[in-house]
Amino acid sequence: MTLSTSRRARAALVAALGTGLLITAAAPASAAAPAVSCTSSKAALAAKLKKDITAALASRKGTVAVGLYDRTTNTNCTLRASSAYDSASVVKVTVLSTLLWDAQKTKRSLTAREKTLATAMITKSDNASTSTLWKQLGVTKVKNFLTAAAMTQTKPGANGYWGLTQITVTDEQKLLKLLHAKNTVLTDASRSYVNGLMSKVISSQRWGTPYGAPAGVAVRVKNGWLQRATNGWRVHSVGTFTGGGHDYTITVLTHGNSTMNYGITTIQGVAKVIHADLKAS
């Protein structure tokens, strides 16, 4: 089914990204259930994470994709890494990264207006600010950033529907790695700007991947949530974590949730065991 491009339909979708209104449009079918895969320089840690993530999801309904990368122990865990999900507000990190990447080309700083929009977009998940920046950038610039970031599995939403951008764990983890360590795509100043805003997300939106993070660990997070007529609630959380002897990124994408809270609980069950296992390693 093709989404209407009328102003009214577009406004309804934008509102739904924040409030969970029902959008009657088709979504990709759920993939078959694969197994969690983990590798690490510490074999015992990989085995423990595989067991615990699997157990955390054993009784949960819906379709869940997971990504973990810990630079300190060279640990990687994946589940449905290439499965596509509607992005909802998680794409806002990509929007801000694109804005900064584009500004880098002319070595300009963000304007006061852009900073105001970016702050509202990330810290409060403001949809109107996101729509303004998405329109300013245009899909071509977003695609160019995705190419530079090697995020080849991400497909920007058409006709202004940024919340229907198709994302995968693989690409979200690539983006988080760019934000987390020095690279040639985003300058240190750009990375610091995004990380600063992700560390200041309002308390009511700091659920998900930060759940169970040990005291003293620096947390940066962005979440997304959206209800549609098929596959229920999409509920996602991406986060980066530094401290306690570890330096890691977590992505959990879900759909097929009966409620937003059900999806949050699923994500937090995964996050809790990841934080605990890394802390104990």
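Our structure's up above, just so we're on the same page.
What this report covers is the structure whose coordinates are included nearby. Since we're looking at a predicted model, the values are computed, not measured.

**Description of the overall build of the chain**
Thought 1: Secondary structure assignment for the chain yields nine helices and eight strands.
Thought 2: The burial tally for the chain puts 52% of its 281 residues in the buried class.
Thought 3: Restricting to contacts in the chain with at least 6 residues of sequence separation, those with at least 24 account for 68%.
Thought 4: Split by element, the accessible area of the chain, about 11,700 Å² in all, is 56% carbon and sulfur.

**Topic: the environment of threonine 249**
Thought 1: With respect to the helices and strands, the residue threonine 249 is situated in strand β8 (residues 246-257).
Thought 2: Measuring from C-alpha to C-alpha, the distance between threonine 249 and leucine 176 comes to 6.5 Å, with 73 residues separating the pair along the chain.
Thought 3: The residues touching threonine 249, leaving out its near neighbours within four places in the chain, are Gly67, Leu68, Tyr69, Gln173, Leu176, His180, Gly239 and Thr240.
Thought 4: Within polar-contact distance, the side chain of threonine 249 engages the side chain of glutamine 173 at 3.1 Å.

**So, the packing of aromatic side chains**
Given two aromatic rings, their pairing is described by the distance between the two centres and the angle made by the two planes.
Thought 1: The full count for this structure, using the stated rule, is three aromatic pairs.
Thought 2: Ring plane angle 25 degrees and centroid distance 5.2 Å describe the contact between phenylalanine 241 and tyrosine 248, whose orientation is recorded as stacked.
Thought 3: The buried category is assigned to phenylalanine 241, whose relative accessible area is 0%.
Thought 4: In this arrangement the basic side chain of arginine 60 is found over the ring face of tyrosine 262, its NZ or CZ atom lying 3.9 Å from the centre.
Thought 5: Lysine 177 extends its terminal NZ or CZ atom over the ring of tyrosine 69, reaching a point 4.2 Å from the ring centre.

**Some words on the pattern of salt bridges**
Thought 1: Tallied over the full model, the rule gives nine salt bridges.
Thought 2: Between arginine 108 and glutamate 114 there is a salt bridge, with the nearest N and O atoms lying 2.9 Å from each other.
Thought 3: Given a relative accessible area of 32%, arginine 108 falls into the partly exposed group.
Thought 4: One salt-bridge network, in which partners are shared between bridges, spans Lys48, Asp52 and Asp277.

**Quick look at helix α7 (residues 169-180)**
Thought 1: In this model, α7 (twelve residues) spans 16 Å end to end at C-alpha, consistent with the 16 Å of a helix rising 1.5 Å per residue.
Thought 2: With nine of twelve residues buried, α7 is to be regarded as a mostly interior element.
Thought 3: Among the residues making up α7, those that are buried are Val169, Asp171, Glu172, Gln173, Leu175, Leu176, Leu178, Leu179 and His180.

**Digging into the packing of α7 against helix α8 (residues 188-198)**
Thought 1: Remark: α7 packs on α8, axes separated minimally by 8 Å, with the N-to-C direction vectors making an angle of 110 degrees. Between α7 and α8, the crossing angle belongs to the class labelled roughly perpendicular. Between α7, through Leu178, Leu179 and His180, and α8, the contact on the second element is made entirely by Arg191, Val194, Asn195 and Met198.

**Some points on the environment of alanine 149**
Thought 1: With respect to the helices and strands, the residue alanine 149 is situated in the loop between α6 (139-148) and β5 (166-167).
Thought 2: A C-alpha to C-alpha distance of 7.9 Å links alanine 149 and leucine 178, two positions 29 residues apart in sequence.

**Regarding the side chain of threonine 209**
Thought 1: Tracing the backbone shows threonine 209 in the loop between α8 and β6 (218-227).
Thought 2: Aside from chain neighbours lying at most four places away, what touches threonine 209 is Val221, Ser237, Val238, Gly239, Phe241, Ile250, Val252, Ile267, Ala271 and His275.

**A short note on the sheet that holds strand β7 (residues 233-243)**
Thought 1: Ordered in space as β1-β3-β2-β8-β7-β6, the six strands form an open sheet in which the pairing is antiparallel. Every other strand in the sheet has two partners, leaving β1 (37-39) and β6 as the edge strands with one partner each. On average, adjacent strands in this sheet sit at an angle of 5 degrees to one another, irrespective of strand direction.
Thought 2: Strand direction decides the pairing type here: β7 and β8, joined by ten bridges, are antiparallel. By the bridge assignment for β8, histidine 236 is matched with leucine 253.

**Digging into the nonpolar core**
Thought 1: Judged by nonpolar contacts, the single largest core of 32 residues is most densely connected at Leu96, Ile122, Phe145, Leu186 and Val194.
Thought 2: For this core, the secondary structure elements donating two or more residues are α3 (92-105), α4 (112-123), α5 (127-137), α6, α7 and α8.
Thought 3: Among the elements that line this core, the one with the most residues is α3, at seven residues.
Thought 4: If sequence neighbours within four positions are ignored, leucine 96 has contacts with Ala118, Met121, Ile122, Tyr193, Val194 and Leu197.
Thought 5: Ranked by size, the runner-up nonpolar core spans 27 residues in total, among them Cys77, Leu79, Trp225 and Ile274.

**Observations concerning unusual backbone geometry**
Thought 1: Phi at arginine 80 is positive, roughly 50 degrees, even though this residue is not glycine.
Thought 2: Within the element layout of this structure, arginine 80 appears in the loop between β3 (75-79) and β4 (85-86).

Each value, and the rule that gives it
Residues numbered from 1 in each chain as written. Predicted model: local features only at pLDDT ≥ 70, side-chain atom pairs only at ≥ 80, totals over all residues. Heavy atoms only, no water. Helix = DSSP H or I, 4+ residues; strand = E, 2+ residues; numbered from the N terminus. Buried < 20%, exposed > 50% of the residue type's maximum accessible area, 1.4 Å probe, protein only. Contact = heavy atoms within 4.5 Å. Areas by Shrake-Rupley, 256 points an atom, 1.4 Å probe, with all protein chains shown as cover. Polar contact = N/O pair within 3.5 Å; in protein donor to acceptor, adjacent residues only side chain to side chain. Phe/Tyr/Trp six-rings, centres within 6.5 Å; stacked < 30°, edge-to-face > 60°. Lys NZ or Arg CZ within 6 Å of the ring centre and 35° of its normal. Salt bridge = Lys/Arg side-chain N within 4 Å of Asp/Glu carboxyl O. Expected span 1.5 Å × (residues − 1). Axes fitted to C-alpha atoms, helices over the stretch in contact; angles between N-to-C directions. Parallel < 35°, antiparallel > 145°, perpendicular 65-115°, else oblique. Pairing = 2+ DSSP bridges. Core = buried A, V, L, I, M, F, W, Y, C linked by side-chain atoms within 4.5 Å.

Just distances and angles here, no functional claims.
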